[in-house]
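Remarks on the overall topology
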Amino acid sequence: MKDTQLYSQILGIQKPWKVTSVNVSLEDDEVEVQVQHGGGKLVCPKCEQVCPGYDKRTRRWRHLDTCQLKTLLVADVPRVECKEHGVVTVDVPWAEPGSGFTALFEALVIDWLKTAAISAVAERLRLSWNAVDGIMQRAVRRGLSRRKALAPKRLSVDETAYRKGHDYIAVVTEQESGTVLHVAEDRLTSSLSSFYEQLDEDQLGGIEAVCMDMWPAYIKATRQAIDNADHKIAFDRFHVAQYLGKGVDQVRRDEHRQLLKAGDSPLKGTKYQWLRSPANMNWHQRRAFSSLRQSSLKTARAWAMKDFATQLWHYQHRTWALKGWKRLINWMVRSRLAPMKKVAATLKNHLWGIINAVVLKADNSHAESINSRIKTVKTRARGFRNKQRFRDAIYFHLGGLQLYPAGIRQ
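Worth saying up front: this structure is predicted, and the values here are computed from it rather than measured. All residue numbers here refer to positions counted from 1 along the written sequence of the relevant chain. Given that this is a predicted model, residues contribute local features only at a pLDDT of at least 70 and side-chain atom pairs are listed and counted only at 80 or more, while totals for whole chains, interfaces and linings are drawn from all residues. Side-chain figures throughout are based on the complete set of non-hydrogen atoms in the structure, without hydrogens or water.

Before going further, it helps to examine the overall build of the protein. Only DSSP runs of H or I covering at least 4 residues are called helices, and only runs of E covering at least 2 are called strands; the numbering of each starts at the N terminus. Along the backbone of the protein there are 16 helices and 12 strands. Radius of gyration: C-alpha atoms only; globule rule: 2.2 Å multiplied by the number of residues to the exponent 0.38. Whereas a compact globule of 410 residues would reach a radius of gyration of roughly 22 Å, the protein reaches 30 Å, over 25% beyond that. Across its three principal directions, the C-alpha atoms of the protein cover 90 × 50 × 30 Å. Only protein chains enter the accessibility calculation, which uses a 1.4 Å probe; a residue is then buried when its area is under 20% of its type maximum, exposed when over 50%, and partly exposed in between. A buried classification covers 46% of the 410 residues belonging to the protein. What makes two residues a contact is simply this: any of their non-hydrogen atoms within 4.5 Å. Here the contacts in the protein between residues at least 6 apart in sequence split such that 59% fall between residues at least 24 apart. Areas reported here follow the Shrake-Rupley algorithm with a probe of radius 1.4 Å; residue values treat only the protein chains shown as occluding. Summed over its atoms, the accessible surface of the protein is roughly 22,400 Å², and 49% of this surface lies on carbon and sulfur atoms.

See below:
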């Protein structure tokens, strides 16, 4: 079999294209495959109308290596003059428009990117960092354009740190599938509104719950977009627990300082005992903590309020849940513990969303899992130059997108 026939079969080249020559350069560690258009009708790639030829432009594409030699396709690609779209380049069957790589090579890079960082893939495949990043960007754009109409029922809205210094991005996740639906580069009202604007009235009406923290911008955007939002917004259990934990810790710190001034403090070195759940303690830790929480310390009273809150998430009916949370808030207000009174005010102002979370059984556990995976992506990449690249990486790994070029099986 001639080398031209071999590469025609390997590359899947069919009429009107044909392989005319194969040149091997061991010095350059390359194989150059010349491909030529055999003539015939030319069509506009945008409207698919037959058009007269205009000229030809020489193009090069990187293909899968041949016997460890870098393989390049070279072709004089015709351009046509379309009455509607002007002078445009015809499509080639082995690569997507605008790409300097064959579809098979892009698929290989995508497979590598799923398990390795851009820099590692670039080194392994003898490419520049920007070339590999460009393949990832095209894959994400391709996947987003193929995404079917969304029909989310339960959403999680969370943020993840882009870098240190309270610089965050907002992430919208579908709870049922655990896939990222939307990534915004900040935490403004417009960040979440831009997601809702992608949905029509039926899609918005089908949303049953939106789980989030108590960030005003998210609340405002959801209220503007969704009817009866105040019965669908659910404040995440994890963030409520954070408020209570911070309150307990502040009581501990205040009391610890007072006891130290008086002589000695039994609270020394106990910070994480008050913040850790007893279920996560071993037998020795539970035994040591038992005497602390049964003591007359103010911190023990604050912890008892936090512990009581954990029991309130198991209610089934709105009326009983409301009574239970009001009882907790009243207890905190009457406790004469300033940090807990402050937390009580926050809970009271957002009680409607907490009750929704209890009744709807909505939480951001899926979003927290996604957040953990996002951190893995960021760690593997050793950070990102800008938020756009961070956003693309999140969509690439967690968006559930069809990333491969057309004709390539996933």
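Turning our attention to the environment of A217. Mapping A217 onto the fold places it in helix α7 (residues 216–225). On the basis of relative accessible area, A217 is assigned to the buried category, the value being 13%. Setting aside its immediate chain neighbours within four residues, A217 contacts R187, L188 and T189.

The computed volume of the largest pocket comes to approximately 430 Å³. If you trace the largest pocket, you find 20 residues lining it, with A241, Q242, G245, L275 and K306 closest to the centre. Looking at the lining of the largest pocket, the elements that each hand over two or more residues are α8 (237–262) and α11 (298–311). When residues of the lining of the largest pocket are assigned to their parent elements, the largest contribution, 9 residues, is made by α8. Residues that form the lining of the largest pocket fall into these classes: 10 nonpolar, 5 polar and 5 charged. Cavity and pocket criteria rest on a 1 Å grid covering protein atoms alone: a 1.4 Å probe that fits but cannot get out defines a cavity, protein on both sides within 12 Å along at least 5 of 7 lines defines an open pocket, and an atom within 4 Å of a point defines a lining residue. Lining the second largest pocket are 17 residues; nearest its centre among them are E159, R187, D213, H239 and Q242. Breaking the lining of the second largest pocket down by element, the ones donating at least two residues are β8 (154–163) and α8. Classifying every residue of the lining of the second largest pocket gives 5 nonpolar, 7 polar and 5 charged. Grid points are joined across faces, edges and corners, and a volume is the space filled by probe spheres set on the points. Charged means Asp, Glu, Lys or Arg here, nonpolar means Ala, Val, Leu, Ile, Met, Phe, Trp, Tyr, Cys or Pro, and polar covers whatever is left, Gly included.

A separate point is the packing of aromatic side chains. Pairing of aromatic rings covers Phe, Tyr and Trp, the last counted by its six-membered ring, and requires centre-to-centre distances within 6.5 Å; plane angles under 30 degrees mean stacked, over 60 mean edge-to-face, and any other angle means tilted. Taken as a whole and assessed by the stated rule, the structure comprises 11 aromatic pairs. Ring centres of F101 and F105 lie 5.5 Å apart, and the angle between their planes is 10°; on these two criteria the pair is classed as stacked. For F105, a relative accessible area of 1% translates into the label buried. When the ring of F289 is compared with that of W303, the centres are 5.2 Å apart and the planes differ by 75°; the resulting orientation is edge-to-face.

Glancing now at the pattern of salt bridges. Any Lys or Arg side-chain nitrogen located within 4 Å of an Asp or Glu carboxyl oxygen qualifies as a salt bridge. The full count for this structure, using the stated rule, is 18 salt bridges. Residue R126 is joined to D29 by a salt bridge in which the shortest nitrogen-to-oxygen separation is 2.8 Å. Of this pair, R126 sits in the loop between α3 (118–124) and α4 (129–146) while D29 sits in the loop between β1 (17–25) and β2 (30–37), and the two are 97 residues apart along the sequence. Note on R126: relative accessible area 34%, which makes it partly exposed.

Pairing between strands is defined by DSSP: at least two bridges between them are needed. The strand order across the open sheet formed by 5 strands is β10-β9-β8-β11-β12, and the pairing between neighbours is mixed. Single-partner strands in this sheet number two, and they are β10 (179–184) and β12 (233–235). Within the sheet, the average angular offset between the axes of one strand and its neighbour, ignoring direction, is 30°. Pairing between β8 and strand β9 (residues 167–174): 8 bridges, direction antiparallel. Bridge pairing in β9 links R163 to D167. Each axis is a line fitted through C-alpha atoms, and for a helix only the stretch in contact is used; angles between axes span 0 to 180 degrees, taken between their N-to-C directions. Where helix α14 (residues 351–360) meets the sheet, its contacts fall on β8, β11 (209–212) and β12, and the angle it forms with β12 comes to roughly 95°.

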